[in-house]
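Listed below are the residues making up each chain.
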2 protein chains.
Amino acid sequence: MRACIISIGEELLIGQTVNTNAAWIASSLNELGIETIEIIVITDKHGEILRALRECGERADIILITGGLGPTRDDVTKHALCDFFDSQLVIDQQILEDVLQYFKKLGRHVTDLNREQALVPDKAEALRNPYGTAPGLWFKEGEKIFVAMPGVPYEMKEMVKNQVFPRLRKLPRQQYIVHKSVLTQGIGESALADKISGWEDDLPKAIQLAYLPSMGIVKLRLTAKGQNKEQLEEDIANQISKLKTLIPEYIWGYDDDTLEKAVGVLLKSQNATLATAESCTGGHIAHIITSIPGSSAYFKGSIIAYSNDVKMQLLNVTANVLEDHGAVSEQVAIAMAQGVKNLIGSDYAIGITGIAGPDGGSAEKPVGTTWIAIAGKNKMVSRKYNFADNRERNIIRASRSALALLKTTVMTRLDLSPRA
Amino acid sequence: MRACIISIGEELLIGQTVNTNAAWIASSLNELGIETIEIIVITDKHGEILRALRECGERADIILITGGLGPTRDDVTKHALCDFFDSQLVIDQQILEDVLQYFKKLGRHVTDLNREQALVPDKAEALRNPYGTAPGLWFKEGEKIFVAMPGVPYEMKEMVKNQVFPRLRKLPRQQYIVHKSVLTQGIGESALADKISGWEDDLPKAIQLAYLPSMGIVKLRLTAKGQNKEQLEEDIANQISKLKTLIPEYIWGYDDDTLEKAVGVLLKSQNATLATAESCTGGHIAHIITSIPGSSAYFKGSIIAYSNDVKMQLLNVTANVLEDHGAVSEQVAIAMAQGVKNLIGSDYAIGITGIAGPDGGSAEKPVGTTWIAIAGKNKMVSRKYNFADNRERNIIRASRSALALLKTTVMTRLDLSPRA
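A quick note: this is a predicted structure, and the numbers were derived from the prediction, not measured.

A look at the environment of Lys384 of chain A
All names here are of chain A.
Then, in step 1: With respect to the secondary-structure elements, Lys384 resides in strand E17 (residues 380-386).
Then, in step 2: Taking the C-alpha atoms as reference points, Lys384 and Val328, separated by 56 residues in sequence, lie 10.0 Å from one another.
Then, in step 3: Beyond its immediate chain neighbours, meaning those up to four positions away, Lys384 contacts Glu330 and Trp371.

Structure below.
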């Protein structure tokens, strides 16, 4: 079964609103095994809506429409649907009752415009809207299904979950779609493609692979479609097992995992605590760690040592080390990690220093040059990176690399062996 | 001039990625006076791409395409464009040089797949990509313009700003669209609408007003369309002058201003320095301050005191104060601000403590309760907030409120009077 989504609204076409509705619907349809083949965003004009209904009706089995159902004159979707289905508007008593109840609850006066919300095309089934006044409209024409819903996200979501999906689930199911994403870090898209090209060539035809790179992370998405859900899941799991043997050092998670979540789970499992000493990342590492609910169980705090004064005074980085090696150096990263570990008394600590840019770079240390050190129980790990990117992305990449290095350090228990 | 945007990518159709690219492009086109009439999202398949190119080419003057230009096998857009324009792939020496330089800078090996990025349809002009390896492609067919760009947002944005828009600006222009946004903080959308309703009623018909609320900030966008750009700009400026007299205390900036930028300009103008002591915001304030290039001129550093230990040990918050008033209290916020100001030796300091959630709330102090203190030269300002939102949004709102309170404190020079 194939679906089209039609999003109606001027706010989407001037970029004032990002189309989160379509993404949410597409992802939900996907879980039902329904493939979204196209998303169309158009303005609230009669002719445009008719054209989109016609085109999508030719290509898809299910057409989901959001927006344009409001009470004001600029909302014409209901009238366009009447034309398309050669239908007349009639009062739906249940919806009228809902509208009256809605305003009674709010203690507001009901206008004629509000009452008109209960006018429903006679060929449609009305879908009740507990959070607003515009009902949804369900049309069945032959084997094709058209559903119009309000554009307000929480009204639309409630309607999809409780009214549209229960109806769609009763339709004969033709296939399942199973996705699994493998998250990698520390290797570029092309190098990764090279490393796994043999595996990619051997993938069964029913499994599709996509590369989704984003600032230091490459997501590998495997998709399988077919009749037997368990079989598809097993096929994907088998392929991932093979992949794991090829690039074990780059895989750090699956699906919706984030590095900060993975680090949190790991630290909690070891009953270990963390502190950070940040220069170039300016608090971004602490911020993403503490974006995780419950992070206070393992994260104790951080020193953002943006000036050298703070590095010396609070982290015990000596003036000699700063002078001899520069603020962006392995020695300073190590001293920062050790300094914050001692000061705050955590089991692990991250020390990070680099040149975020746009200024401050040199031939020897260009913008993006970053040193990261991880202080563990009895061990210090340090590594140099060059992200060669702009300020915003250097900060994000540096933060992700620090969490990845921390995770490797904690996982491989490198910290249990004495420093080489 | 009318534009269509074609977004290519399976990740958009399964709802894994929200289509922020299309919203950003639509909003940018709008500023150029180009109307987006349709956004189409399709999958990375030859036939689908050809159909979208054909349909959009019939309806619009400018067709902007993103995605599907990567080096891996799942990316077929370049080949579809070759078919559509009856074009052959040839090596572009400049792009090849760019690709080689890109990998040299990263210190990575260049693969054959990477080199193939320099293959460009002979009927296209290649647009260089400083942040990646996939070049953009500019086609002109009669009066119609087709531009293909990478789907990675920062690569696409750079290309649009520095290469696509300069070319589009040279095209004959039919009308101007002038936007100006007024940024407010500290007042909700409805209260603001009440306060300025008289002004809104008196707006000339040619000027449209939109309220764009986002996490504690309400943006008022004024839009005027017409032939005479200077006149439109003057009309909008006049309306903004009137608005300023109505709500001077809530306006803090215009258009792309950010609170962190405004705070930076202000601190620099006073040659003053800043430090922060953060609990609930977990480094987010330091992060947004240091997202501004050159912030090291006024930002010295921060203590992220996520645990009470750190609050006591580094910030001199006493066990008594913590016990008597709780970690989320005016007294603790003040002690944190004073503590970090003393420790780091800055002119101003922010102390912030709150309950980000989802856990940790109580009847007396629900999730979102936050105390912010600003320590100035001879003055301490403190204020209580309740954001009553989810964790992510509580953190952002708290950070913005802290910067707004800092800005007011520095601007009104409250700090020069002795503490009341």
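There is more to say after this.
A word on the interface of chain A and chain B
Then, in step 1: Facing the 60 residues of chain A at the interface are 62 residues of chain B.
Then, in step 2: Residues of the side of chain A that touches chain B, tallied by class, amount to 29 nonpolar, 22 polar and nine charged.
Then, in step 3: In the sheet, strand E2 (residues 35-42) of chain A pairs with strand E2 (residues 35-42) of chain B via four bridges, with the strands oriented antiparallel. Paired with Ile39 of chain A across the two strands is Val41 of chain B, which belongs to E2 of chain B.

Digging into the sheet that holds strand E15 (residues 348-354) of chain B
Then, in step 1: Pairing is mixed in the open sheet, where 10 strands are placed in the order E17(A)-E16(A)-E15(A)-E13(A)-E14(A)-E14(B)-E13(B)-E15(B)-E16(B)-E17(B). In the strand order of this sheet, the two ends are held by E17 of chain A together with strand E17 (380-386) of chain B, each with one partner. Between one strand axis and the next, the sheet turns by 10° as a mean value, whatever way the strands run.
Then, in step 2: Taken together, the five bridges between strand E13 (residues 274-278) of chain A and strand E14 (residues 299-305) of chain A define a ladder with parallel strand orientation. Residue pairing across strands places Leu274 of chain A opposite Phe299 of chain A, the latter belonging to E14 of chain A.

Here's the deal with the sheet that holds strand E9 (residues 176-185) of chain A
Adjacent strands of a sheet form backbone hydrogen bonds with each other and so pair up, either parallel or antiparallel.
All names here are of chain A.
Then, in step 1: Strands sit in the order E10-E11-E9-E12 across an open sheet of four strands; the sheet is antiparallel. The outermost strands of the open sheet, each flanked by one partner alone, are strand E10 (207-214) and strand E12 (251-254). The sheet shows a mean angle of 25° between the axes of neighbouring strands, taken without regard to direction.
Then, in step 2: Sheet topology places E9 next to E12; three bridges connect them, and they run antiparallel. Looking at E12, one finds that Leu183 is bridged to Gly253.

Section: helix H10 (residues 229-246) of chain B
Residue pairs three or four apart in sequence face the same way in an α-helix, which turns once every 3.6 residues.
Residues and elements named next belong to chain B.
Then, in step 1: Here H10 is 18 residues long and its end C-alpha atoms lie 26 Å apart, about the 26 Å a rise of 1.5 Å per residue gives.
Then, in step 2: Residues of H10 that are buried: Leu232, Ile236, Gln239 and Leu243. End-on view of H10: buried residues confined to an arc of 60°, all on one side of the axis. Structural note: H10 exposes Glu230, Ala237, Asn238, Ser241, Lys244 and Thr245 on the side pointing more than 90 degrees away from its buried face.
Then, in step 3: Next to the buried residues of H10 lie strand E9 (176-185), helix H9 (197-201), strand E10 (207-214) and strand E11 (217-226).

Considerations on the confidence of the model for chain A
Then, in step 1: Per-residue confidence for chain A gives a mean pLDDT of 92; residues scoring 70 or more make up 97%.
Then, in step 2: Here the predicted complex scores 0.77 on pTM and 0.77 on ipTM.

Points about the packing of helix H3 (residues 46-59) of chain A against helix H4 (residues 77-84) of chain A
All names here are of chain A.
Then, in step 1: Closest axis-to-axis distance for the H3/H4 pair is 9 Å, and the angle between their directions is 50°. Taken together, the axes of H3 and H4 are oblique relative to one another. In this structure, H3 meets H4 at a crossing whose hand is right-handed. Of the residues in H4, those touching H3 at His46, Ile49, Leu50 and Leu53 are Thr77, His79, Ala80, Asp83 and Phe84.
Then, in step 2: For the contact of H3 with H4, the per-class residue count stands at five nonpolar, three polar and one charged.

Structural notes on the environment of Gln163 of chain B
Residue and element names in this part refer to chain B.
Then, in step 1: With respect to the helices and strands, Gln163 occurs in helix H7 (residues 153-169).
Then, in step 2: A count of 19 C-beta atoms within 10 Å places Gln163 in the partly exposed class.
Then, in step 3: On a C-alpha basis, the gap between Gln163 and Lys261 in space is 26 Å, while along the polypeptide they are 98 residues apart.
Then, in step 4: If sequence neighbours within four positions are ignored, Gln163 has contacts with Leu127 and Gly136.

As for the nonpolar core
Then, in step 1: Counting residues in hydrophobic clusters, the biggest one holds 140 residues, and the most contacted among them are Met336, Ala337 and Ala373 of chain A together with Met336, Ala337 and Ala373 of chain B.
Then, in step 2: Contact partners of Met336 of chain B, with chain neighbours within four places excluded, come to Ala277, Ala305, Lys311, Leu315, Val317, Gly351, Thr353 and Ala373 of chain B.
Then, in step 3: Core analysis: the next-biggest nonpolar cluster, separate from the first, contains 99 residues, Ala124 and Met149 of chain A together with Leu12 and Ile39 of chain B among them.

Quick notes on the environment of His79 of chain A
All names here are of chain A.
Then, in step 1: Positionally, His79 belongs in helix H4.
Then, in step 2: Judged by C-beta crowding, with 14 C-beta atoms within 10 Å, His79 ranks as partly exposed.
Then, in step 3: Residues His79 and Ile49, spaced 30 residues apart in sequence, show a C-alpha to C-alpha distance of 9.9 Å.

As for unusual backbone geometry
Then, in step 1: A cis amide bond links Gly357 of chain A with the next residue in sequence, Pro358 of chain A, at an omega value of 0°.
Then, in step 2: By the secondary structure assignment, Pro358 of chain A is in the loop between strand E15 (348-354) and strand E16 (369-375).
Then, in step 3: Phi angles above zero are rare outside glycine, and Asp86 of chain B is one such case at about 50°.
Then, in step 4: Tracing the chain through its elements places Asp86 of chain B in the loop between helix H4 (77-84) and strand E4 (89-91).
Then, in step 5: The backbone of Asn271 of chain B sits at a positive phi, close to 55°, despite the residue not being glycine.
Then, in step 6: The topology assignment puts Asn271 of chain B in the loop between helix H11 (259-269) and strand E13 (274-278).
Then, in step 7: Given 9 C-beta atoms within 10 Å, Asn271 of chain B falls into the exposed group.

Describing the pairing of strand E16 (residues 369-375) of chain B
Residue and element names in this part refer to chain B.
Then, in step 1: When you tally the buried positions in E16, you get seven out of seven residues, the bulk of the element.
Then, in step 2: Two strands pair when backbone bridges link them, and E15 and E16 are joined in this way by six bridges, in the antiparallel orientation. Residue pairing across strands places Thr353 opposite Trp371, the latter belonging to E16.
Then, in step 3: Between E16 and the antiparallel strand that follows it, E17, lie four residues.

Parameters at a glance
- Residues numbered from 1 in each chain as written.
- Chains lettered and ligands numbered in written order.
- Predicted model: local features only at pLDDT ≥ 70, side-chain atom pairs only at ≥ 80, totals over all residues.
- Helix = DSSP H or I, 4+ residues; strand = E, 2+ residues; numbered from the N terminus.
- Contact = placed C-beta atoms within 7 Å.
- Nonpolar A, V, L, I, M, F, W, Y, C, P; charged D, E, K, R; others polar.
- Pairing = 2+ DSSP bridges.
- Axes fitted to C-alpha atoms, helices over the stretch in contact; angles between N-to-C directions.
- Expected span 1.5 Å × (residues − 1).
- Buried ≥ 20, exposed ≤ 12 C-beta atoms within 10 Å, placed from the backbone.
- Arc of directions from axis to C-beta.
- pLDDT = per-residue confidence, 0-100.
- Parallel < 35°, antiparallel > 145°, perpendicular 65-115°, else oblique.
- Left-handed = near helix turned anticlockwise from the far one by under 90°.
- Core = buried A, V, L, I, M, F, W, Y, C linked by C-beta atoms within 7 Å.

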